[in-house]
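Residue strings, one per chain:
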Protein chains: 4
Amino acid sequence: MIVVMKPGATQKQIDHVVELIEDLGLKSHIIQGTDRTVVAALGEKRDGAKQALETGDGVEKVMPILAPYKMASTEVKKEPTCVEVLKLKVGAGKIGVIAGPCSVESREQILEVARAVREAGATALRGGAFKPRTSPYSFQGLKEKGLQLLAEARDATGLAIVTEVMAPEHVSLLAQYTDIMQVGARNMQNYPLLEAVGESGKPVLLKRGPSATMDEFLLAAEYILKTGNANVMLCERGIRTFEDHTRFTLPLATVPYLHQTTHLPVVVDPSHGTGKASLVTPMAVASIAAGADGLIIEVHPNPEKAMSDGYQSLTPAAFREMMAECRKIATALGKKM
Amino acid sequence: MIVVMKPGATQKQIDHVVELIEDLGLKSHIIQGTDRTVVAALGEKRDGAKQALETGDGVEKVMPILAPYKMASTEVKKEPTCVEVLKLKVGAGKIGVIAGPCSVESREQILEVARAVREAGATALRGGAFKPRTSPYSFQGLKEKGLQLLAEARDATGLAIVTEVMAPEHVSLLAQYTDIMQVGARNMQNYPLLEAVGESGKPVLLKRGPSATMDEFLLAAEYILKTGNANVMLCERGIRTFEDHTRFTLPLATVPYLHQTTHLPVVVDPSHGTGKASLVTPMAVASIAAGADGLIIEVHPNPEKAMSDGYQSLTPAAFREMMAECRKIATALGKKM
Amino acid sequence: MIVVMKPGATQKQIDHVVELIEDLGLKSHIIQGTDRTVVAALGEKRDGAKQALETGDGVEKVMPILAPYKMASTEVKKEPTCVEVLKLKVGAGKIGVIAGPCSVESREQILEVARAVREAGATALRGGAFKPRTSPYSFQGLKEKGLQLLAEARDATGLAIVTEVMAPEHVSLLAQYTDIMQVGARNMQNYPLLEAVGESGKPVLLKRGPSATMDEFLLAAEYILKTGNANVMLCERGIRTFEDHTRFTLPLATVPYLHQTTHLPVVVDPSHGTGKASLVTPMAVASIAAGADGLIIEVHPNPEKAMSDGYQSLTPAAFREMMAECRKIATALGKKM
Amino acid sequence: MIVVMKPGATQKQIDHVVELIEDLGLKSHIIQGTDRTVVAALGEKRDGAKQALETGDGVEKVMPILAPYKMASTEVKKEPTCVEVLKLKVGAGKIGVIAGPCSVESREQILEVARAVREAGATALRGGAFKPRTSPYSFQGLKEKGLQLLAEARDATGLAIVTEVMAPEHVSLLAQYTDIMQVGARNMQNYPLLEAVGESGKPVLLKRGPSATMDEFLLAAEYILKTGNANVMLCERGIRTFEDHTRFTLPLATVPYLHQTTHLPVVVDPSHGTGKASLVTPMAVASIAAGADGLIIEVHPNPEKAMSDGYQSLTPAAFREMMAECRKIATALGKKM
């Protein structure tokens, strides 16, 4: 850490900072500048050290140097991680596509979608059974019945199942049915949930919170990795900004940034990221071009009858076309999709 | 709802929208404008209706008319709600102050702070026992031991206890010790948690998520109110924006806006809202002037030794001065604090 | 417009709104809902009408229906516009690339870059002569000398010249040298400047302001179009959000959204949009995949000696590789680049 | 500046950074940490130095230490500046109130408002003559005629005149009529305009751009101060965020933050900052409590007939009440208003 003193900081204040640094088990190193003094604090990062130093008299600011996450970092593991579940492969040059309805609504619906997306080339099926909804008056999902239908769809098609888990106490139930646990954007910093899905041993699709920084996102992944579960996929699904012509703002620079920072694979969700069916295909194509390792796409046989998110769902026919466009890009870039 | 058709929408498309509206059990009403047609859908709001209509061919957008929350609304209950717990009174003209450390660290620390803040005029004590931390490598709180210390501090001082609950499975444990359940900003949309704290029957301090809109905030409160628990305090603690000179951006217009919209009391947290001890007092004073029904303030006997959030904590002496400034404003406005 | 009355609005308030609407030369149409009354105002949009109605007693909100821009809209002109200057073609299926240094620094520098980017396939040269700089203490550009060097580079290479204009009184000077006038992000709503560049008759590259909505962006273009100058290129260069791992957040959904809304071509600037050389190529490739009609890229022969923006500039070699990657995508999508 | 090297940076890369630092005329100082090396660059800040260092091989990031503004800083001048024009006094313990309509519309309107606001205690009159409007189809102001009417209102009431200047070529015309030049939010980074108003010698009210950081805001002020014009008032008028229940988000922490950073006085504009007449008074009161040195408020005799911004304008009666509330706070805090 670098402790920047205020201009005019007294020698006594500087001595006090040096003392604080040494109390923290770190080594101090004073640098006398033309306008002000800077004190470097060297050694293993200590929890709370930054905060302790920030409160010192005469201190203007404290600047950390090390990235706060460890196990997710390319500094720890250089080769990219590939998450594999049944036929789904995400990462290390493989592009996997997860598709399906926002919510599981009925046996017919989920089986119809599952067949349609498999035929178009998806290798995993998404579908909500426990639905977090902004309003308590909205449809909350079919719950366990929905999980059973998802499992039936897997048996019928071979697709891996991805479904959202909302609470630690649901983890063991979901683990009986799903192949991949999805942690939703609203729960990105629900730490007891992150630990519980980590301990389930199932691969995890972790969605970025709509106002999470990259450090916060990677530290959320770290909660899962710390349980010993290495199969984490990071999912960019859009952030909240002042833009109002799309539901969220989808920042694709996340993809190359994470590839330079972490070994974990990166999936993009252009359905939530745009909130408009007409923008999903161009952004799916752009995601592949930006280097995404996977896509998660909402598909519904009849979007206008969907119980949730119809306005951002593709029809099976539109999804087929999206896949064809994406494959052109993947092929052009020498990737397997 | 108002369904706006695209310019040049065909009669067939309009007829289809009318049919969709009637399928939803609503009445339709066509308005022919100079450039385009608009169809009003009248009747009780139906879940998913907006989404169903948005996917109609030829539809440009659908604009809802009713506020989505009900029990929180001043349309349902006109008189302001006052939440009372021991000596803490928040709302309906009464201003309550909750103060204390970010984390409970030791018996000495919590008792010292409790006494200091009570003397200065606080009527409730905050203190984290289960701490949600961005990094898994940070101090996570004293857990049950921390709760016992809080209870001891209440016995010693008469202050009501406010502490954060992180997971539904902790609710019954916390309910044995705390007077008020705090739901943190990261968990504002953790719906199983909202339901569990609602069912505990304890008053709830609900913090706004850093990227939550007012509708989302009020709908989160609605999850609690729906369990029959009417004692909800809404807490503005800052939102995430591009500003980087403060930890968050503290939008005080939230206070009068909520007073015009809901009967629930509004508490402001200038400690998290600014993230800088030197800004806490002016923003506390401004909050009272804006009409806040309460404040929640981080106070630590020795901020530079705090295990968390030291940089935004007031010393007991600074807190006393803050209270004196706030009281001047409350008195000038004819309020009781 | 749709005027939504508050619940419980009186007949007198409704009558007053009807009267206001008719005073504005619009026709009114009352719709009686279950909870509240809505009044539609039909006819040509009148300036200030929305505001006048919003202040009516008993009015909750007023929702406009028509897009506020006209000449930029696909409702007015359906075929996409192609801007052509010398060999640069942008729009209607043609992809043009503008490249060059942030600032013109010397004769050698600009000629070297011009040759390098032409060889790699760029058809226009960017370079700042009048530089808007956040700090008055930063390098402000070579001014007229810079313009002369740009013109010399055009003569030597055949590249069209793009340079920024900062004030109406500079327009006639710039018009002697440049082929395309760039309006920078800071000046997107500098209306006297928009009118002056419009009247110059030169094609315009209009950059989006970092907090401009799509409506504001298109209305800024409208200021130029209204002068009779139809050659406007819209440039997405990133918006300001809470993200801090990139200089700005680059929202590529702008590209398909604008293609569905306006006939004007859309150029992307991944250099400013990311602020990091290592992210420029993936985002350039993604822009082409999203359908961009053009790119504008900062290239410097020696980024670490650049007088501005070195950290986001590509070397000529990196630019060549970027062009190769982009061409793969353009070819895969059947486009000419 | 502190140059942080990547982990594993080679000795050659470190040597190169040291060389770059010395080429810039700065002194280097190497600090060997446990995980990585850090190089401090000491001496006067040199333009472009940060950027040059950021592009060095093996460099992870460069962290500046000094604030980039100088003349605005409390490091240069400790005593607060008070701007005085006729009876308006803003700063150094004096609170001044500027009030009036968004646009000058007619002789009757401006005289009526001027008298009303003077009676209620305002000491300056605002009113737009040259109006920057988002849409080219909106009312653009009465131009010189408007200026004449403002001057007439000053003669009749003694109020100082504040009006917006949109382009450098208008400065000399405006200087004949107005007492204070307002630079609008859209023009905060219009540098030729900042220099022109600075050179006019008139006091300046500089509005914060809706996505400007504090550093950018203060550097814009620096452009004016650098011309030798010391009479600059900084105006917080709201920033653009995801919030949609207010027109902008009004971050009052700006007030104490600027007071700790600069000697310039700080004015708040709750009319634009909220965009809703019903929120203006509580936020005006809160601004005074936060320490604002001035307010600028939109007042119109008949808001629903206003040609612009009617929805956020107070009636003269509401303005009188606002003044009474604000005075209570000012008195309680021992200030003169």
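Residues numbered from 1 in each chain as written. Chains lettered and ligands numbered in written order. Predicted model: local features only at pLDDT ≥ 70, side-chain atom pairs only at ≥ 80, totals over all residues.

Digging into the overall build of chain A
Looking only at helices and strands, one finds 11 helices and 14 strands in chain A. Judged by the C-alpha coordinates and their principal axes, chain A covers about 75 × 45 × 40 Å. Relative to its 337 residues, chain A shows a buried fraction of 62%. In chain A, of all internal contacts separated by at least 6 residues, the share reaching a separation of at least 24 is 65%. (Helix = DSSP H or I, 4+ residues; strand = E, 2+ residues; numbered from the N terminus. Buried ≥ 20, exposed ≤ 12 C-beta atoms within 10 Å, placed from the backbone. Contact = placed C-beta atoms within 7 Å.)

A look at the interface of chain B and chain A
Taken together, the contact pairs 43 residues of chain B with 43 residues of chain A. Within the residue set of the side of chain B that touches chain A, elements represented by two or more residues are α2 (49-54), α6 (191-200) and α7 (214-225) of chain B. In terms of residues, the side of chain B that touches chain A owes the most to one element, α7(B), which gives four residues. When the residues that make up the side of chain B that touches chain A are grouped by side-chain class, the tally is 19 nonpolar, 13 polar and 11 charged. (Nonpolar A, V, L, I, M, F, W, Y, C, P; charged D, E, K, R; others polar.)

Here we look at the relation of the copies chain B and chain A
Note on the identical chains: chain B maps onto chain A by a rotation of 180° and an axial translation of 0.0 Å, with an RMSD of 0.1 Å. Classification of the inter-copy transformation places it as that of a two-fold axis. The C-alpha atom lying nearest the rotation axis in chain B is that of S211(B); the distance is 3.0 Å. (Least-squares fit on C-alpha atoms with pLDDT ≥ 70 in both.)

Points about the nonpolar core
Of all hydrophobic cores here, the largest spans 396 residues; its most connected members are L206(A), L206(B), L206(C) and L206(D). Look past the residues within four positions of L206(C) in its chain and what remains in contact with it is V183(C), M188(C), A220(C), A221(C), I224(C), V232(C), M233(C), L234(C) and C235(C). (Core = buried A, V, L, I, M, F, W, Y, C linked by C-beta atoms within 7 Å.)

Brief notes about the interface of chain D and chain C
Interface size is commonly expressed as the accessible area that is lost once the parts come together. The partner chain C presents 43 residues to the 43 residues of chain D that form the contact. Taken together, the elements giving at least two residues each to the side of chain D that touches chain C come down to α2 (49-54), α6 (191-200) and α7 (214-225) of chain D. With four residues, the top contributor of residues to the side of chain D that touches chain C is α7(D). Split into classes, the residues belonging to the side of chain D that touches chain C amount to 19 nonpolar, 13 polar and 11 charged.

Focus on the confidence of the model for chain A
Looking at chain A as a whole, the pLDDT averages 92, with 98% of positions reaching at least 70. Interface confidence in the predicted complex, given as ipTM, is 0.90; pTM for the same model is 0.91. (pLDDT = per-residue confidence, 0-100.)

Observations regarding the relation of the copies chain D and chain C
It takes a turn of 180° to lay chain D on chain C, together with a shift of 0.0 Å along the axis; the resulting RMSD is 0.1 Å. Residue by residue, 100% of the interface of chain D is reproduced at the interface of chain C, so both copies engage with the same surface.

Details of the sheet that holds strand β1 (residues 2-5) of chain C
Residue and element names in this part refer to chain C. Taken together, four strands build an open sheet; the order of strands is β2-β3-β1-β4 and the sheet is antiparallel. Strands at the two margins of the open sheet, each flanked by one partner only, are β2 (27-32) and β4 (59-63). Ignoring strand direction, the axes of neighbouring strands in this sheet form an average angle of 20°. Pairing of β2 with strand β3 (residues 37-42) involves six bridges; the strand directions are antiparallel. Looking across to β3, one finds that I31 is bridged to V38. Helix α1 (residues 11-23) contacts β1, β2, β3 and β4 of the sheet and is inclined by roughly 10° relative to β3. (Pairing = 2+ DSSP bridges. Axes fitted to C-alpha atoms, helices over the stretch in contact; angles between N-to-C directions.)

Remarks on the domain arrangement of chain A
With domains assigned, chain A is organised as domain 1 (2-63) and domain 2 (83-332). Computed over C-alpha atoms only, the centres of domain 1 of chain A and domain 2 of chain A are separated by 45 Å. (Domains from an automatic or database assignment.)

A look at the pairing of strand β10 (residues 180-183) of chain B
Residues and elements named next belong to chain B. Of the two faces of β10, the one holding I180 and Q182 and the one holding M181 and V183 are both buried throughout. Sheet topology places strand β9 (residues 160-164) next to β10; three bridges connect them, and they run parallel. Residue pairing for β10: T163 is matched across the bridge by M181. The pairing of β10 with strand β11 (residues 204-207) spans three bridges and is classified as parallel. Within β11, the residue paired with M181 across the bridge is V204. In terms of handedness, the path from β10 via α6 over to β11 forms a crossover that is right-handed. (Right-handed = clockwise from strand over helix to strand, strands pointing away.)

Observations concerning helix α11 (residues 316-332) of chain A
Taking 1.5 Å as the rise per residue, α11(A) with 17 residues should run 24 Å; its terminal C-alpha atoms sit 25 Å apart, in good agreement. Buried within α11(A) we find F319(A), M322(A), M323(A), C326(A), I329(A) and A332(A). Those residues of α11(A) that are buried lie in contact with β7 (96-100), α3 (107-120), α10 (277-290) and β14 (294-298) of chain A together with α10 (277-290) and α11 (316-332) of chain C. G334(A) sits one or two residues past α11(A) and shows a positive phi near 75°. (Expected span 1.5 Å × (residues − 1).)

Points about unusual backbone geometry
For L86(A), which is not glycine, the phi dihedral falls at a positive 50°. Note that L86(A) resides in the loop between β5 (83-85) and β6 (88-90). Located in the positive-phi region is A92(C), a residue other than glycine, with phi close to 55°. Of note, A92(C) is situated in the loop between β6 (88-90) and β7 (96-100).

Section: the sheet that holds strand β9 (residues 160-164) of chain D
Residue and element names in this part refer to chain D. Taken in spatial order, the eight strands of this closed barrel run β7-β8-β9-β10-β11-β12-β13-β14, and their pairing is parallel. Along the sheet, successive strands turn relative to each other by an average axial angle of 25°, direction set aside. Pairing between strand β8 (residues 124-126) and β9: three bridges, direction parallel. Following the sheet pairing, L125 is matched in β9 by I161. On the sheet, helix α3 (residues 107-120) packs against β7 (96-100) and β8 and is oriented at approximately 155° with respect to β7.

What about helix α1 (residues 11-23) of chain D?
Residue and element names in this part refer to chain D. With 13 residues, α1 should cover 18 Å at 1.5 Å per step; its first-to-last C-alpha distance of 18 Å lies within 8% of that length. The inward-facing, buried residues of α1 abut β1 (2-5), β2 (27-32), β3 (37-42), α2 and β4 (59-63). Where α1 ends, the next residue or the one after it, G25, has phi of about 80°, a positive value.

Topic: the environment of D244(D)
For D244(D), the position within the fold is in the loop between β12 (232-236) and α8 (254-261). For D244(D), a count of 12 C-beta atoms within 10 Å translates into the label exposed.

A closer look at the environment of A122(A)
With respect to the element layout, A122(A) can be found in the loop between α3 and β8 (124-126). Taking the C-alpha atoms as reference, A122(A) lies 4.9 Å from V97(A); in sequence the two are 25 residues apart.

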